[in-house]
Each structure stands twice: as C-alpha cells, then as structure tokens.
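Each chain, letter by letter, is given below.
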Amino acid sequence: MDKTHEKVWNNCLAIIKDIVEWQHFKTWFEPIKPAALKDKVLTIQVPSQFFYEYLEEHYVNLLAKTLKRELGKEARLEYRIMVDSGNEKNKPLTMDIPGHGFKTYSNNEMDFPLVISNPVKNPFVIPGLKKMQIDPQLNPIYSFESFIEGDCNRVARRAGKTVAEKPGATSFNPLVIYGGVGLGKTHLAQAIGNEVKRSNPNKVVLYVSSEKFINQFQDHSRNNAINDFIHFYQMIDVLVIDDVQFFNRAEKSQDALFAIFNHLHQSGKQLILTSDKSPKDLEGVQERLLSRFRWGLSADMQVPDYETRIEILEKKMKNDGLEMPKEVVKYIAYNIQSNVRELEGALISLLAQSSLNKREIDLELAKKVLRNFVKTSSKEITIETIQKMVCDYFDVPYERLLQKTRKREVVQARQITMYLAKLFTKNSLKTIGEHFGGRDHTTVIHSCQTVKDLMDTDGMFRESVMELQQKVQLAAM
Ligand code: ADP
Ligand code: MG
C-alpha cells in the first residue's frame with residue numbers, strides 16, 4: 001500500500017526529533033505541515049520565505065537523508081510557502097519551490113555550486129536558538145581607532161562618531177559619506193557599524209553593498225518574495241548601504257530601497273549611505289530617493305594631505321608590526337597622492353619586494369618600487385600568465401583548468417583566474433571565456449560574482465585571492 005504524505009512526514013519527524021535539539025525542532029520542524037506526496041515528491045508547507053531559506057541552508061542534508069530513507073533514492077522535496085497575512089480579505093499566498101539540496105545534477109558541468117544550490121539564500125541569517133540573529137557583515141578591522149583623522153575627512157569622521165553614539169537620534173539621518181575611490185568611505189561606514197555593535201550589542205546592525213542588495217532583490221523578485229525582502233530590511237536598526245551610486249542600473253531595486261528607507265527613517269532607525277558622488281550629482285537615481293538622501297547630512301571625503309598620509313602609513317605599519325626608515329615613509333607619502341588605497345598598495349608592494357629579494361627596505365628600494373608603482377601595469381599581463389600563476393598557486397595542472405571538470409579545487413581555481421583576468425587585463429568577457437575551453441561570457445560573469453561573494457564571506461578564501469592579486473600586480477611591474 002502506498003504511504004500517505006502524513007505518514008511519510010511523521011516517520012521523518014520521528015528521526016529528526018532525535019537528532020535535532022529540542023528548541024530547534026520546535027522552531028523549525030513543528031510548524032511544517034505535510035501537504036502532498038506524488039511520484040516520490042513530498043511537498044511540505046512552510047510559513048514564510050525565510051523559513052524555507054533557513055531549512056535549505058541548515059537542514060537540507062538531514063531532510064534529504066531522512067526522506068530518502070522513507071521513499072528511496074528518487075525522493076525529492078518541494079516546499080510550499082504559504083504566507084498568511086491573517087487578513088481575511090487577502091487569501092494566503094502560496095508558492096512551490098523545489099528543494100535544491102535534493103537536486104541531482106546531470107552530466108552538464110556544474111560550475112557554480114554556490115549560486116545554483118541556493119538561489120534565494122539569505123546570507124545574513126545565522127543560526128540562532130531563540131531569535132533569528134543577523135550577522136552584521138562587518139569587518140572588525142575597520143574601527144574609528146584605526147581611522148586617521150585629517151582635514152580631508154574631519155567632518156565625516158566626527159559625524160560618524162556622533163551617529164555611532166546615538167544611532168537614529170540625531171539630525172544626521174541619513175548620514176551620506178561621499179568621495180572618490182580609496183578615500184576611506186567603506187572604512188568609516190563600517191567603523192560606525194562596529195562601534196554601535198560594541199556599545200549596543202542588541203541593536204541590529206547590517207552592512208550591505210549596493211550590489212549585494214540589488215542581487216538579493218532580484219533573486220527575491222524572481223521568486224515572488226519581494227515583500228519578504230523588504231520586511232527583512234525593515235527590521236534593521238542601523239543599516240549601512242555602501243556605494244549607492246550602483247543603484248543607477250537598478251530601477252526596481254530603487255523602489256524597494258524607497259520603501260525600506262521610509263520605514264526605517266520614520267521609525268527612528270539609522271541609515272548610513274556611501275557614494276562616489278554627492279547626492280545632488282548622482283545620476284540615474286530617482287529624485288524622490290535623492291531628496292531623502294539629502295534629509296540628513298552629506299559629508300565628503302577628500303584626498304588626504306601630506307601630513308595625514310604620513311600618519312596613515314605610520315598607523316598601518318604600527319598595526320602590522322612593521323618598521324622602516326622615516327625617510328622611506330616620507331618618500332612614499334610624498335609620491336603617492338591619489339588616495340589611501342594606493343598608499344597602502346605601495347606599502348605592500350615595498351614589503352613584498354623586500355621579502356622576495358631578501359633586502360632591507362631603504363630609500364633605494366622604495367624608489368625602485370614606486371617608480372613602477374606610479375605608472376602601474378607598465379607590462380601587459382595576459383590571461384595565460386594569470387592562468388599559470390593560479391595553477392602554480394593551487395597546484396592544479398594547467399590542462400585541468402580548461403577541461404570540464406566539477407572538482408571543487410579546479411572549479412575554484414578557474415573562477416579565481418577568470419576574476420583576476422577581468423581585473424588585470426583589458427580582454428572582453430567573451431575572450432576570457434574562450435581562454436577556458438570555450439565558455440561563454442555568462443560563465444565568466446558568474447565566476448566573478450561567486451569570487452566576490454566568497455571573498456565577502458570566507459576569510460581564508462579572501463586571503464588567497466588577495467595574495468594572488470598581489471602576485472599578479474608584482475608581475476605587471
Ligand atoms: P573607499 O570605500 O572610499 O573606496 P576604503 O574605505 O575601502 O575606501 O579605504 C581604502 C583603504 O584605505 C582601506 O584599507 C582603509 O582602511 C584605508 N583608509 C582609508 N582612509 C583611511 C584613514 N583615514 N585612516 C586609515 N586608513 C584609511
Ligand atoms: Mg568602498
């Protein structure tokens with residue numbers, strides 16, 4: 001006799017109950033209702049998009065194992081998301097989504113495990129016992145302590161300090177920090193978030209890049225879950241959105257941002273935005289958003305002067321436990337005037353050269369390195385060069401990089417190579433794809449995105465990519 005969906009689900013629950021902690025079981029499994037069973041596909045009903053994402057993220061293996069025990073190898077899971085607003089007029093919304101962890105991949109290469117297996121994964125939710133907690137996505141190295149104040153950033157820094165002390169309760173809402181690349185916008189914005197978290201651990205702080213916000217919005221929109229997306233952001237107490245100039249390419253995301261902005265602002269929550277231009281000069285962003293950006297304080301960041309550049313270099317060296325003659329510090333500060341990131345880059349190159357050549361850092365070496373550094377990438381770097389460097393680094397044979405293999409190490413090496421090729425060469429995405437056994441440009445785009453996402457979430461991975469980046473940079477000199 002065929003089993004019913006209730007029976008199958010109850011059997012699964014009996015196993016799961018023994019494995020999962022009681023509190024987790026109550027939170028994540030009791031609310032699930034079995035809905036249907038057809039051709040080895042069990043449909044379970046869950047109360048929200050987030051619920052579904054949480055299960056997919058944390059329990060998919062367990063669900064797969066138990067269900068396969070019940071129904072055999074072909075077992076599949078489908079989620080029915082039923083959002084009941086409690087309002088009699090609105091019928092509950094339902095949406096069926098296959099459980100991705102159950103998918104068996106065909107022979108086609110699966111190059112983007114992270115992207116495919118979690119299309120609407122919410123990267124910000126971390127497991128918590130009672131209340132869902134949100135990882136603020138902040139990098140702890142960005143603090144006020146490590147942020148040097150100078151004429152170039154005084155207003156922004158002090159406003160940031162004030163906001164960090166009384167988030168949402170000053171007239172600096174939103175606080176818009178704007179200025180050119182590498183001038184410290186991200187650092188300052190994150191320092192505010194870190195400071196709030198330090199003094200108010202209960203405040204929900206979230207840092208998000210505009211690109212990530214837009215991507216998430218698009219994922220949710222494809223899954224008819226825009227309301228979930230907006231509601232999620234409306235729970236935040238201190239929301240930092242980095243590089244809002246990128247909203248110019250995303251009309252629909254601007255509507256979501258508008259709704260989120262209004263809600264947060266009205267409820268006395270703090271918004272911190274960064275941008276490469278002042279709000280009045282932002283193009284392609286709706287006027288109603290721009291006018292709101294101007295409600296609070298817009299503070300600009302300028303290029304640091306010579307004295308501040310020296311201070312920044314010295315701070316950096318102190319933090320990293322490095323020493324070098326003062327004349328060298330002065331020489332760098334004098335010659336690198338564009339922005340702080342370049343300043344740091346010069347310092348790193350100098351250190352790299354000194355350790356590579358087992359040579360003390362002195363003025364002569366600084367001159368040599370900076371001469372190359374100033375006219376960056378004097379040598380043309382080719383895709384092949386980068387491929388060889390990455391293969392060396394990960395100890396992956398060159399031919400493997402071009403073949404269709406799904407081995408994780410190879411996939412990852414390939415994605416990083418594409419990312420670096422995009423970064424350091426002027427080749428089109430199409431050309432880059434062709435250098436990897438004839439893949440198309442969408443593969444390259446996906447790879448670059450995957451690398452960026454992983455760098456955001458995985459410290460070890462970021463280290464490797466940064467190290468490789470450094471090597472390519474040196475090779476370009
Ligand atoms: P932006 O977001 O404006 O492009 P970042 O915040 O990423 O710039 O800064 C680039 C680098 O310079 C970071 O490593 C940051 O820590 C450093 N930096 C920028 N401004 C300062 C400062 N005033 N003091 C110390 N480090 C700084
Ligand atoms: Mg930035």
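Given the structure is predicted, the values throughout are model-derived calculations rather than measurements.

Thoughts on the packing of aromatic side chains
The description of an aromatic ring pair rests on the distance of the ring centres and on the angle between the ring planes.
Part 1 of the reasoning: Scanning the entire structure with this criterion turns up twelve aromatic pairs.
Part 2 of the reasoning: Taken together, the ring pairs in this structure connect Phe213, Phe217, Phe229, Phe232, Tyr233 and Phe247 into an aromatic cluster.
Part 3 of the reasoning: Sitting over the face of the ring of Phe258, Arg288 holds its NZ or CZ atom 3.8 Å from the ring centroid.
Part 4 of the reasoning: Between the NZ or CZ atom of Lys388 and the centre of the ring of Tyr398, over which it lies, the distance is 5.3 Å.

A short note on the site of ligand 1
Part 1 of the reasoning: As a matter of local geometry, ligand 1 sits amid 17 residues, with Gly182, Lys185, Thr186, His187 and Glu344 nearest to it.
Part 2 of the reasoning: Within the side chain of Thr186, a nitrogen or oxygen atom sits 2.8 Å from an oxygen atom of ligand 1.
Part 3 of the reasoning: Here an oxygen atom of ligand 1 and a side-chain polar atom of Glu344 are 2.8 Å apart.
Part 4 of the reasoning: A total of 560 Å² of accessible area belongs to ligand 1 in isolation, and the protein chains cover 90% of it.
Part 5 of the reasoning: Class assignment of the residues belonging to the shell around ligand 1 gives a composition of seven nonpolar, seven polar and three charged.
Part 6 of the reasoning: Mapping the shell around ligand 1 onto the domain boundaries places at least three of its residues in each of domain 2 (154-301) and domain 3 (306-370).

Quick notes on the nonpolar core
Part 1 of the reasoning: Grouped together as the largest cluster of nonpolar side chains are 31 residues, with contacts concentrated most on Phe213, Phe229, Tyr233, Leu239, Ile241, Ile260 and Phe293.
Part 2 of the reasoning: Of all the secondary-structure elements, those providing two or more residues to this core are strand 8 (205-209), helix 8 (210-222), helix 9 (226-234), strand 9 (238-242), helix 10 (251-266), strand 10 (270-275) and helix 11 (287-293).
Part 3 of the reasoning: With six residues, the single largest contributor to this core is helix 10.

A few points about the packing of helix 8 against helix 9
Part 1 of the reasoning: One way to put it is that helix 8 packs onto helix 9 with a least axis distance of 7 Å and a crossing angle of 145 degrees. The segment helix 8 lies against helix 9, with Phe213, Gln216, Phe217, His220 and Ser221 engaging Ile226, Phe229 and Tyr233.
Part 2 of the reasoning: Of the residues belonging to the contact of helix 8 with helix 9, the class tally is five nonpolar, three polar and no charged.

Observations regarding the environment of Lys269
Part 1 of the reasoning: Here Lys269 lies in the loop between helix 10 and strand 10.
Part 2 of the reasoning: What makes Lys269 partly exposed here is its relative accessible area of 22%.
Part 3 of the reasoning: Separated by 35 residues in the primary sequence, Lys269 and Gln234 place their C-alpha atoms 9.3 Å from one another.
Part 4 of the reasoning: Residues in contact with Lys269, not counting those within four places in the same chain, are Gly168, Asn173, Ile236, Asp237 and Leu264.
Part 5 of the reasoning: A distance of 3.3 Å separates polar atoms of two side chains, one belonging to Lys269 and the other to Asp237.

Structural notes on the pattern of salt bridges
Part 1 of the reasoning: A complete count under the given rule lists 21 salt bridges for this structure.
Part 2 of the reasoning: Of the charged contacts in the structure, one is a salt bridge between Glu364 and Arg359, with a shortest N-O distance of 3.7 Å.
Part 3 of the reasoning: Using a relative accessible area of 55% as the deciding quantity, one classes Glu364 as exposed.
Part 4 of the reasoning: Among the ionic pairs, Glu434 bridges to Lys430, the shortest N-O distance being 3.3 Å. Taken as a pair, Glu434 and Lys430 lie in helix 19 (residues 429-434) at a separation of four residues, close to a single helical turn.
Part 5 of the reasoning: Residue class for Glu434 comes out partly exposed when judged on its relative accessible area of 47%.
Part 6 of the reasoning: Here Lys430 falls in the exposed class, since its relative accessible area comes to 56%.
Part 7 of the reasoning: In the salt-bridge network here, residues are joined through shared partners; they are Glu149, Asp151, Arg154, Arg157 and Arg158.

A few points about the confidence of the model for the protein
Part 1 of the reasoning: Averaged over all residues, the pLDDT of the protein equals 85, while 87% of them reach at least 70.
Part 2 of the reasoning: Counted against residues more than four places away or in other chains, residues 103-123, with its pLDDT under 50, gives 50 contacts.
Part 3 of the reasoning: In this model, residues 126-132 is a region of pLDDT below 50 whose contacts with residues beyond four sequence positions or in other chains number 14 contacts.

Re unusual backbone geometry
Part 1 of the reasoning: Following Asn173, the chain continues into Pro174 via a peptide bond in cis, with omega recorded as 0 degrees.
Part 2 of the reasoning: Topologically, Pro174 is positioned in the loop between helix 6 (154-165) and strand 7 (175-179).
Part 3 of the reasoning: Even without being a glycine, Asp39 presents a positive backbone phi close to 45 degrees.
Part 4 of the reasoning: Among the structural elements, Asp39 can be located in the loop between strand 1 (33-38) and strand 2 (41-46).

Points about helix 1 (residues 5-19)
Part 1 of the reasoning: The end-to-end C-alpha distance of helix 1, which contains 15 residues, comes to 21 Å, matching closely the 21 Å that a straight helix rising 1.5 Å per residue would cover.
Part 2 of the reasoning: Regarding helix 1, the residues found buried are Val8, Trp9, Cys12, Leu13, Ile15 and Ile16.
Part 3 of the reasoning: Structurally, helix 1 contributes buried residues whose contacts are with helix 2 (22-29), strand 1, strand 2 and helix 4 (60-71).

A few points about the packing of helix 12 (residues 306-319) against helix 13 (residues 326-335)
Part 1 of the reasoning: Closest axis-to-axis distance for the helix 12/helix 13 pair is 9 Å, and the angle between their directions is 125 degrees. The pairing of helix 12 with helix 13 is recorded here as oblique in orientation. Every pair of crossing elements has a handedness; the one defined by helix 12 and helix 13 is right-handed. In this structure, helix 12 contributes Tyr306, Arg309, Ile310, Leu313, Glu314 and Met317 to the contact, and helix 13 contributes Lys326, Val329, Lys330, Ile332, Ala333 and Tyr334.

Details of the sheet that holds strand 10
Part 1 of the reasoning: Across the sheet, which stays open at both edges, the five strands sit in the order 8-9-10-7-11 with parallel pairing between neighbours. A single partner strand is all that each edge strand has here, and the edge strands are strand 8 and strand 11 (297-301). The average undirected angle you get between the axes of adjacent strands in this sheet is 15 degrees.
Part 2 of the reasoning: For strand 9 and strand 10, the ladder comprises four bridges, and the chain directions are parallel. Each bridged residue has a counterpart across the sheet, and for Ile241 the counterpart in strand 10 is Leu273.
Part 3 of the reasoning: Sheet strands in contact with helix 7 (residues 185-199) are strand 7, strand 8, strand 9, strand 10 and strand 11, and its direction is about 155 degrees off that of strand 7.

Here we look at helix 12
Part 1 of the reasoning: Taking 1.5 Å per residue, 14 residues should reach 20 Å; helix 12 reaches 20 Å between its end C-alpha atoms and fits that length.
Part 2 of the reasoning: Of all the positions in helix 12, only Thr308, Arg309, Ile310, Ile312, Leu313, Lys315 and Met317 are classed as buried.
Part 3 of the reasoning: Here the buried face of helix 12 lies against helix 13 and helix 14 (340-356).
Part 4 of the reasoning: Two residues or fewer past helix 12, Gly321 is found with a positive phi of approximately 65 degrees.

Cut-off values and rules
- Residues numbered from 1 in each chain as written.
- Chains lettered and ligands numbered in written order.
- Predicted model: local features only at pLDDT ≥ 70, side-chain atom pairs only at ≥ 80, totals over all residues.
- Heavy atoms only, no water.
- Phe/Tyr/Trp six-rings, centres within 6.5 Å; stacked < 30°, edge-to-face > 60°.
- Lys NZ or Arg CZ within 6 Å of the ring centre and 35° of its normal.
- Near = heavy atom within 4 Å.
- Polar contact = N/O pair within 3.5 Å; in protein donor to acceptor, adjacent residues only side chain to side chain.
- Areas by Shrake-Rupley, 256 points an atom, 1.4 Å probe, with all protein chains shown as cover.
- Nonpolar A, V, L, I, M, F, W, Y, C, P; charged D, E, K, R; others polar.
- Domains from an automatic or database assignment.
- Core = buried A, V, L, I, M, F, W, Y, C linked by side-chain atoms within 4.5 Å.
- Buried < 20%, exposed > 50% of the residue type's maximum accessible area, 1.4 Å probe, protein only.
- Helix = DSSP H or I, 4+ residues; strand = E, 2+ residues; numbered from the N terminus.
- Axes fitted to C-alpha atoms, helices over the stretch in contact; angles between N-to-C directions.
- Contact = heavy atoms within 4.5 Å.
- Salt bridge = Lys/Arg side-chain N within 4 Å of Asp/Glu carboxyl O.
- pLDDT = per-residue confidence, 0-100.
- Expected span 1.5 Å × (residues − 1).
- Parallel < 35°, antiparallel > 145°, perpendicular 65-115°, else oblique.
- Left-handed = near helix turned anticlockwise from the far one by under 90°.
- Pairing = 2+ DSSP bridges.

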